[in-house]
Amino acid sequence: MVSATYQLMGETWLSGTALYYISQVQTMSSPIFEKLATGSLVYLGVILTYASIFVKYAFAFMIFNNKTKIFIVSCICMFHIGIGISIQLYTFSLIMIAVEALLFTNEEYYSFYNKLQKTGIKIK
């Protein structure tokens, strides 16, 4: 939530152009991300800029509800996968995903495992 608040205080995040400017940094941006941010999908960058702020705010509230926890952790993991792919911060992304995996209790992991077993997916 603090991260989203700091993003809202920045002019580039408020205008929706933050991802465009990140894509212009040659040392961090992948070529695919740069083409997406500067090509015909410029509006996608604006949508993703605001979506990242929304997901961070939603995370702070949805993490405490057991029914929404799996959804919001999945969203934030997808967000960090996107960071890893788009601006090549692989280590940061993997560390954040590992930390987010700590939000689940053993009982929640066992419950998820049992649900997978019931669907026929075999995990050893």
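Anything mentioned here points back to the structure above.
Keep in mind that what you see is a predicted model, and the values were worked out from it rather than measured.

### Examining the overall build of the chain
Line of reasoning, step 1. For the chain, the helix and strand inventory stands at eight helices and zero strands.
Line of reasoning, step 2. For the chain, the α and β elements follow one another from N to C terminus as α-α-α-α-α-α-α-α.
Line of reasoning, step 3. Once the C-alpha set of the chain is aligned to its principal axes, its extents read approximately 45 × 30 × 25 Å.
Line of reasoning, step 4. Every one of the 124 residues in the chain was classed for burial, and the buried ones make up 28%.
Line of reasoning, step 5. The contacts of the chain with a sequence gap of at least 6 include a subset with a gap of at least 24, amounting to 51%.
Line of reasoning, step 6. Across the chain, the centroid of the 8 positively charged side chains sits 16 Å from that of the 5 negatively charged ones.

### Quick word on the side chain of Ser52
Line of reasoning, step 1. In this fold, Ser52 is placed in helix α5 (residues 42-62).
Line of reasoning, step 2. Its relative accessible area of 7% is what places Ser52 among the buried residues.
Line of reasoning, step 3. For Ser52, the side chain forms a polar contact with the main-chain oxygen of Thr49, separated by 2.7 Å.
Line of reasoning, step 4. Those residues in contact with Ser52 that sit more than four places away from it in its chain are Gln7, Trp13 and Phe79.

Rules of the game
- Per-chain numbering applies: the sequence of each chain, read as written, is numbered from 1 onward.
- For this predicted model, a pLDDT threshold of at least 70 governs which residues receive local features, and a threshold of 80 or more governs which side-chain atom pairs are given and counted, while totals over whole chains, interfaces and linings are taken from all residues.
- Hydrogens and water are ignored here; the side-chain numbers use all heavy atoms of the structure.
- Strands are runs of DSSP state E lasting at least two residues, helices are runs of H or I lasting at least four, and both sets are numbered from the N terminus onward.
- Burial classes: relative accessible area under 20% of the type maximum marks a residue as buried, over 50% as exposed, and values in between as partly exposed (1.4 Å probe, protein chains only).
- Whether two residues touch is decided by their heavy atoms; if any such pair falls within 4.5 Å, the residues are in contact.
- Under the counting rule used here, the positive set is Lys and Arg, the negative set is Asp and Glu, and His together with the chain ends is not counted.
- Every charge is mapped to an atom, namely NZ of Lys, CZ of Arg, CG of Asp or CD of Glu.
- Polar contacts, as counted here, are pairs of nitrogen or oxygen atoms within 3.5 Å of one another; within protein the pair requires one atom able to donate a hydrogen and one able to accept it, and residues that are adjacent in sequence qualify only if both atoms are side-chain atoms.

Read these as geometric descriptors, not functional statements.
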